[in-house]
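Here is how the chains run, residue by residue.
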Amino acid sequence: MKIIYDPDIPATLRSSIKDVIKESIDAPCSCGCDEIYVSLQERNRIDVKCYDCGTSFFELEVEVNEEIIDH
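**Q** How would you sum up the overall build of the protein chain? Please name residues and give values.
**A** Per the secondary structure count, the protein chain includes two helices and four strands. Counted from the first residue to the last, the protein chain has its helices and strands arranged as β-α-β-β-β-α. By residue count, 31% of the 71 residues in the protein chain fall in the buried class. Partitioning the contacts of the protein chain with sequence separation of at least 6, the portion at a separation of at least 24 is 42%. Working note: accessible area of the protein chain is about 4,700 Å², and carbon and sulfur atoms make up 42% of it.

This is the structure in structure tokens:
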């Protein structure tokens, strides 16, 4: 499974997000795609969805240091 991150997601969070995805998603999307897109919806909300069809698997709330996002 390939994970593609929105450029706005800090690199410091990616390892933790990857762990949650691997624990939560164990099969490709119903459309057959095995690529996941992780996007920042709001300052503290991340959406994990299918890269191909856009079906959302789940959302995560995270605490993000504002300095990381602004730079």
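After that view, the rundown keeps rolling.
**Q** A description of the side chain of D6 should follow, citing residues and the corresponding values.
**A** Summarising the element assignment, D6 is placed in the loop between β1 (2–5) and α1 (11–24). Buried charge without a partner: D6 forms no salt bridge, and the closest opposite charge is R14, 6.9 Å away. Within the structure, D6 has its side chain in polar contact with the backbone nitrogen of D8 (distance 2.8 Å).

**Q** Break down the pattern of salt bridges for me, with residues and values.
**A** Tallied over the entire structure, the rule returns two salt bridges. Residues E61 and R45 are paired through a salt bridge, measuring 3.2 Å at the closest nitrogen-oxygen approach. A residue pair is termed long-range when its members are at least 10 positions apart, and E61 in strand β4 (residues 56–61) and R45 in strand β3 (residues 45–50) qualify at 16 residues. Under the relative-accessibility criterion, E61 is labelled exposed at 60%.

**Q** So, the nonpolar core: which residues are in play, and what are the values?
**A** Residues I17, I21, I36, V38 and I46 are the most contacted members of the largest nonpolar core, which totals 14 residues. Broken down by secondary-structure element, the contributors of at least two residues to this core are β1, α1, β2 (35–42), β3 and β4. For I46, the contacting residues outside a window of four places in its chain are I9, I17, V38, S39, L40, F58, E59, L60 and V62.

Rules used throughout
Residues numbered from 1 in each chain as written. Predicted model: local features only at pLDDT ≥ 70, side-chain atom pairs only at ≥ 80, totals over all residues. Heavy atoms only, no water. Helix = DSSP H or I, 4+ residues; strand = E, 2+ residues; numbered from the N terminus. Buried < 20%, exposed > 50% of the residue type's maximum accessible area, 1.4 Å probe, protein only. Contact = heavy atoms within 4.5 Å. Areas by Shrake-Rupley, 256 points an atom, 1.4 Å probe, with all protein chains shown as cover. Lys, Arg positive; Asp, Glu negative; His and termini not counted. Salt bridge = Lys/Arg side-chain N within 4 Å of Asp/Glu carboxyl O. Polar contact = N/O pair within 3.5 Å; in protein donor to acceptor, adjacent residues only side chain to side chain. Core = buried A, V, L, I, M, F, W, Y, C linked by side-chain atoms within 4.5 Å.

Limitation: the analysis is restricted to geometry and does not speak to function.
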